[in-house]
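# Topology and contacts: notes
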Amino acid sequence: TLLGRVKFFHRVELFMSETRCPFNDMFHGSTVIKLIEFSDNPELQTALCEIFLNKLLFTVKKAGQSKLRAYCVIDEAHILDDGKDSYRSPLVKIAREARKYGLGLILASQMPKDFSKSVLHNTATIMTLKFNAKEEARAISEHMFGISDEDVLNLDEVGNGFIKLSSDVKKL
């Protein structure tokens, strides 16, 4: 529940009176937010990511429409997507709205089938390497025009893959 999440934040003193890094300073360099210390609590990790993504989207919307001003890189991004195309999913919301406000997303995952169709449809560039599981290869090939799941399964050398740039697919 929300109340349980808020109580936990208070107990671990995540939000203190002084700010160590003003949020807008993140747009002037590289900022890494490591949630590894909360690895024993995946719900807390997800809640922190949701709060951060909502704040990020609010900040870029407040600044107005823009050309690319920043990238947000999310590793293991499938954790933030329920795979159900729910607009309440922070990943679906940011994938749909971020680009026009100058925010690019780089999402990394080993399990593309866990991403909702809304996230994948709002992704201009998709890069894939070889998958050994047919269902994963099928999930990614559906979004890479002209590439079959067999093409993805048959990639034979380390580092070989496919990249979709808008509607054009190239072999790496």
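Here is what the cut-offs are and how they apply
Residues numbered from 1 in each chain as written. Predicted model: local features only at pLDDT ≥ 70, side-chain atom pairs only at ≥ 80, totals over all residues. Heavy atoms only, no water. Salt bridge = Lys/Arg side-chain N within 4 Å of Asp/Glu carboxyl O. Helix = DSSP H or I, 4+ residues; strand = E, 2+ residues; numbered from the N terminus. Buried < 20%, exposed > 50% of the residue type's maximum accessible area, 1.4 Å probe, protein only. Contact = heavy atoms within 4.5 Å. pLDDT = per-residue confidence, 0-100. Axes fitted to C-alpha atoms, helices over the stretch in contact; angles between N-to-C directions. Parallel < 35°, antiparallel > 145°, perpendicular 65-115°, else oblique. Left-handed = near helix turned anticlockwise from the far one by under 90°. Nonpolar A, V, L, I, M, F, W, Y, C, P; charged D, E, K, R; others polar.

## Points about the pattern of salt bridges
- Counted under the stated rule, the structure contains 6 salt bridges.
- E135 is the salt-bridge partner of K113, the closest N and O atoms lying 3.8 Å from each other. In this pair, K113 sits in the loop between β2 (103-108) and α4 (117-121) while E135 sits in helix α5 (residues 134-141), placing the two residues 22 residues apart along the sequence.
- For K134, the salt bridge is made with D149, and the minimal N-O distance between the two is 3.3 Å. With a gap of 15 residues between them, K134 in helix α5 and D149 in helix α6 (residues 149-153) connect regions that are remote in the sequence.

## Things to note about helix α3 (residues 90-97)
- Here α3 lies mainly inside the structure; 6 of its 8 residues are buried.
- When α3 is considered as a whole, its buried residues turn out to be P90, L91, V92, I94, A95 and E97.
- Tucked inside the fold, the buried residues of α3 contact α2 (42-63), β1 (70-75), β2 and α4.

## Some words on the confidence of the model for the protein chain
- Of all residues in the protein chain, 84% attain a pLDDT of 70 or more, and the chain-wide mean is 80.
- Confidence, expressed as mean pLDDT per element, reaches its minimum in the protein chain at helix α1 (residues 2-11) with 58 and its maximum at α6 with 89.

## A word on the packing of α2 against α3
- Contact geometry for α2 and α3: axes closest at 10 Å, N-to-C directions at 20°. In terms of orientation, α2 lies roughly parallel with respect to α3. Note on packing geometry: the crossing formed by α2 with α3 is left-handed. Between α2 and α3, the residues in contact are E50, L53, N54, L56, L57 and K61 and P90, K93, I94 and E97, respectively.
- Here the residues of the contact of α2 with α3 are counted per class, giving 5 nonpolar, 1 polar and 4 charged.

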